[in-house]
Amino acid sequence: MYEIGPFQYTFKSNFQTSAVAKKVFCNEMIKINKNEMVIITGPSGAGKSTLLQLLKGIIPEFTNGKLVGSIQYKNHLLHGENFQKNLREIIFLFQNPFSQLIYPKAQEEFFFSMENFNFTRDQMDQKKQELQKYFDLDSLWNKKTTQLSNGECQRLVLASLLAIDPEVLLLDEPTAFLDPEARKDFYEWLSSHKGKRTIVLVDHHLDEILPFADKIIHVDKEGGVSVEQSMPSLNPASSQIISLTKFKQSSIELKLNHVYFHYRGGPRLLEDISLHAKSGEVIVIKGKNGKGKSTLFKLMAGLLPPDQGEICVLKDGRFVKSKMHYKEIGYIFQNPESHFFYDSIKEELRNVDAKNLQEILYLFFQDIDILRSPFLLSEGEKRRLSILLTVFQEKSILLYDEPTFGQDAESKALVADLILQLKAMGKIQIIISHDDNFIKSLDAQNFVLENEHLSRIL
């Protein structure tokens, strides 16, 4: 079905730099057979998403890099006129699901793909019923797409694409934002379709997905693509971050007292939420997708006002005025692109006051061209950059919304080490995460948000 390589794809830079141009390449011919399930592994930023885009034809169809060599699907190249011919046969799920939204309402978004290929209304309704079990579409049905959490958006986009019965599924981190229950449902769906479709996916939950694999393709840190001859190790990687001696400890408290909130026209989302966090504490908030975790962060950060109750910050025992909370609170958004304002990584970093910045950049990115646009990084690299941009503003309180999104095991260990060092410095850190292995490494207090209430997990 697929014949990959030999090929070399070289990224084009818009800047004249001394950095070596990034490449993704394959020195052999790799076959993906019909109805195989293929897992793509490799470190964050190596080129896994690039390889998926090559398999769809997005590269070179919509990029300005240079492709030398051949990638064929059913004995034809994937770009040019064949790209249009394969629109329904090969579907692609991007790492950032919001980039694929078209309509303002969830139900319109679900039907969009089917309408594009002239499905009848009866066929569309039948597809909704078939996919309801695995993607809980009814819970999304009457929502605006702007109100969806990342996990809800991922479920919606994935269900919409699967509804058109494609022959090939190219899935880039399809479970990145899903809670454990939703992830289990997706893997159940995936298992039921093994052998019925060709499925190629990137997924960092290797312990859960590898048992399904017929073939493993690895992209190494240099961008080299090859077939893995044995199962990769599932042992957690170890990492050691440099000492962050620049930061000073601070005495800080964050209090939420009987907080209530709902969006206009919607049901109560948060009810009687109370929380008291002190210097040096790490708190993890768990819960199903769409239950208000990110909304709670927006309330803490002052981006939304509560309907009732109060949120206050105390520094050295004194109340900080609510309008000045932004000086104490750093918020790492679920979508890392929300942090970027400039045309280059160098410009984004200009306000980062760290005497060992070059060492930090190497730890987080290895070799990186700082004149490159941050929007052209991989999603995992974007996430790590957004963490750096926030942490090095020297805030006393840090809110992390899904910090391990798009991260391989080594990068997760690096982020965990960073959080533990900040904990020792007296920072308050509150984390939304569905990654149980990552959570276990943090020695954190665990809370769950369900049925509009926040409760401690003992």
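Our structure is the block above this text.
My aim in this report is to walk through the structure given alongside it, one point at a time. (Residues numbered from 1 in each chain as written. Predicted model: local features only at pLDDT ≥ 70, side-chain atom pairs only at ≥ 80, totals over all residues. Heavy atoms only, no water.)

### Some points on the pattern of salt bridges
Then, in step 1: Inspection of every chain in the model, using the stated rule, returns 20 salt bridges.
Then, in step 2: Across the pair E181 and K288 runs a salt bridge, and its minimum N-O distance is 3.2 Å. Placement of E181 in helix α7 (residues 180–193) and of K288 in the loop between β14 (282–286) and α9 (293–300) is noted, with a sequence separation of 107 residues between them.
Then, in step 3: Owing to a relative accessible area of 44%, E181 belongs among the partly exposed residues under this scheme.
Then, in step 4: Take K288: its relative accessible area is 42%, and that puts it in the partly exposed class.
Then, in step 5: Ionic pairing is found between K382 and E337, a salt bridge with its closest N-O pair at 2.5 Å. Of this pair, K382 sits in helix α12 (residues 379–391) while E337 sits in the loop between β17 (329–332) and α10 (345–348); the two residues are 45 residues apart in sequence, bridging distant segments of the chain.
Then, in step 6: Each of K127, E130, D165 and R197 takes part in one network of salt bridges that share partners. (Salt bridge = Lys/Arg side-chain N within 4 Å of Asp/Glu carboxyl O. Helix = DSSP H or I, 4+ residues; strand = E, 2+ residues; numbered from the N terminus. Buried < 20%, exposed > 50% of the residue type's maximum accessible area, 1.4 Å probe, protein only.)

### Observations concerning the side chain of Q445
Then, in step 1: Mapped onto the elements, Q445 comes out in strand β20 (residues 445–450).
Then, in step 2: Looking at Q445, its side chain comes within polar contact range of the side chain of E281, at 3.4 Å.
Then, in step 3: Excluding anything up to four places from it in sequence, Q445 contacts E281, V282, I283, V284 and R456. (Polar contact = N/O pair within 3.5 Å; in protein donor to acceptor, adjacent residues only side chain to side chain. Contact = heavy atoms within 4.5 Å.)

### Let's talk about the sheet that holds β14
Then, in step 1: Pairing within the open sheet is mixed, and its 6 strands lie in the order β17-β18-β19-β14-β20-β21. On the outer flanks of this sheet lie β17 and β21 (453–457), each paired with one strand and no other. Taking the axes of each pair of neighbouring strands and ignoring which way they run, one obtains an average angle of 20 degrees across the sheet.
Then, in step 2: Where β17 and strand β18 (residues 397–401) come together, 4 bridges link them in parallel fashion. Residue pairing for β18: I332 is matched across the bridge by Y400.
Then, in step 3: Seen against the sheet, α9 touches β14, β17, β18, β19 (428–432) and β20 and runs at an angle of roughly 155 degrees to β19.
Then, in step 4: Along the sheet face, α12 touches β17 and β18 and points at about 175 degrees away from the line of β17. (Pairing = 2+ DSSP bridges. Axes fitted to C-alpha atoms, helices over the stretch in contact; angles between N-to-C directions.)

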